[in-house]
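This is what each chain is made of:
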Amino acid sequence: MKDLADAEGTDRVDGVDGGVGVTALLVAAARAIETHRHDALARDEYAEQFVRAAPASAGWPVRMRQVPDGDANPLWGRFARYFGLRTRVLDDFLLSSAHSGGARQVVLLGAGLDTRAFRLDWPSGSVVFEIDRKGVLAFKHQVLDGLSASPRAARVTVPIDLREDWVGALCDAGFEPTAPSVWSAEGLLFYLPPAAETNLFERIDRLSTEGSALAFEVKLDRDLLEHRDSPLYTATAEQIGIDLLKLFDRNPRPDSAGALMDKGWSTSVHTPYDFTLLHGRGPLPEENDALAGNRWVFATKPRP
Ligand code: SAM
């Protein structure tokens, strides 16, 4: 299998054809499969279209019946179900922050091929900002324009690399720091150098007024290579040529949840398995588990 995700490619390829951008297709394929399950936790009718439109993923499965070993496949079974669960949990968090929490600005950091602006029922007056690298957003535009898709909230794309100074770009695009916002960093932080992650949270804190909320995903593993032989990593590399461990930044991670608490945010930290139990479906722990260190963190900046 051709390696779509070599470390150099991370910076050389700006779109979805390789480097870190191809991981957006991986999640889209997982969402396509989830969509077609009878017990889907989330449905995304656009996901399949992205997968089919990109040369890198055109031959990947988008339904479980196209996977020869079905649910037993570590990539399209367990890992895809993980993405389906994550999508649902963040859908619920973002929607409740908008409807009950009053946030009308939604910022998707590393948005990839996320179609929440099109799929979810946002309160009127909502704006969804999608930040990702230019080539990823260009591909997304091309596919959505071809489908004549119309968003269910105002949608603003902000093409910029999150290792750069993205605050100016977001504010120039209309983000208003004095109004409540809800943020997500889903499947993003482990690709960033630690300093970029620390800066990211400092900036989110500065841009967030009281009542704002944030959800993000971290990996707590001290040594990511501990699970390099896990079925999840090896199947992803062998079946679709994405070596996630080459794409992840393997430097020691900052304690971002702790940093937010120091700044006065209330945070709660969950394993994905907590939500598997809640929803009655999703991945469960296993031996040599590449998901063992994954945590989903939910934070709110309390009102005085
Ligand atoms: N959040 C989306 C989802 O869950 O469907 C996409 C997740 S995908 C695994 C990771 C995304 O992060 C990709 O779209 C990639 O382009 C983006 N990303 C990674 N590093 C980035 C950076 N330095 N700046 C902007 N986006 C980045």
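Residues numbered from 1 in each chain as written. Predicted model: local features only at pLDDT ≥ 70, side-chain atom pairs only at ≥ 80, totals over all residues. Heavy atoms only, no water.

Peer 1: Help me understand the overall build of the chain, please; the structure alone is not making it clear to me.
Peer 2: On a plain count of helices and strands, the chain comes out with twelve helices and seven strands. Viewed in the frame of its principal axes, the chain has a C-alpha envelope of about 55 × 45 × 40 Å. For the chain, the residues scored as buried account for 57% of the 304 residues in total. For the chain, restricting intrachain contacts to residue pairs at least 6 apart in sequence, the fraction spanning at least 24 positions comes to 75%. When the accessible surface of the chain is summed, it comes to about 12500 Å², and 50% of that surface belongs to carbon and sulfur atoms. (Helix = DSSP H or I, 4+ residues; strand = E, 2+ residues; numbered from the N terminus. Buried < 20%, exposed > 50% of the residue type's maximum accessible area, 1.4 Å probe, protein only. Contact = heavy atoms within 4.5 Å. Areas by Shrake-Rupley, 256 points an atom, 1.4 Å probe, with all protein chains shown as cover.)

Peer 1: I would appreciate a short explanation of the nonpolar core in the present structure.
Peer 2: In globular proteins that are soluble, nonpolar side chains generally tend to be buried together. Counting residues in each nonpolar core, the largest one holds 71 residues, and the members touching the most others are Leu26, Trp60, Trp76, Phe79 and Trp122. In contact with tryptophan 122, other than residues within four places in its own chain, are Leu94, Leu95, Ala98, His99, Val106, Arg116, Ala117, Val128, Arg152 and Ala153. Formed by 29 residues, the second largest nonpolar core is a distinct cluster that contains Phe175, Ala185, Leu189 and Leu214. (Core = buried A, V, L, I, M, F, W, Y, C linked by side-chain atoms within 4.5 Å.)

Peer 1: Hey, could you run me through the packing of aromatic side chains in this one?
Peer 2: Each aromatic ring pair is summarised here by two numbers: the centre-to-centre distance and the angle between the ring planes. Scanning the entire structure with this criterion turns up 18 aromatic pairs. Plain terms: the ring middles of tryptophan 60 and tryptophan 76 are 6.0 Å apart, the flat faces sit at 50° to each other, and that makes the pair tilted. Within this pair, whereas tryptophan 60 is found in the loop between α3 (47-53) and α4 (74-99), its partner tryptophan 76 is found in helix α4, the two being separated by 16 residues in sequence. Tryptophan 76 carries the same exposure label as tryptophan 60, and that label is buried. With centroids separated by 6.3 Å and ring planes inclined at 70°, the aromatic side chains of tyrosine 233 and phenylalanine 248 adopt a geometry described as edge-to-face. With tyrosine 233 in helix α9 (residues 231-240) and phenylalanine 248 in the loop between α10 (244-247) and α11 (256-262), the pair connects residues that are 15 residues apart, well separated along the chain. Of the residues examined, tyrosine 233 reaches a relative accessible area of 7% and is grouped as buried. A network of ring pairs unites the aromatic residues Phe79, Tyr82, Phe83, Phe93, Phe275, Trp296 and Phe298 as a single cluster. (Phe/Tyr/Trp six-rings, centres within 6.5 Å; stacked < 30°, edge-to-face > 60°.)

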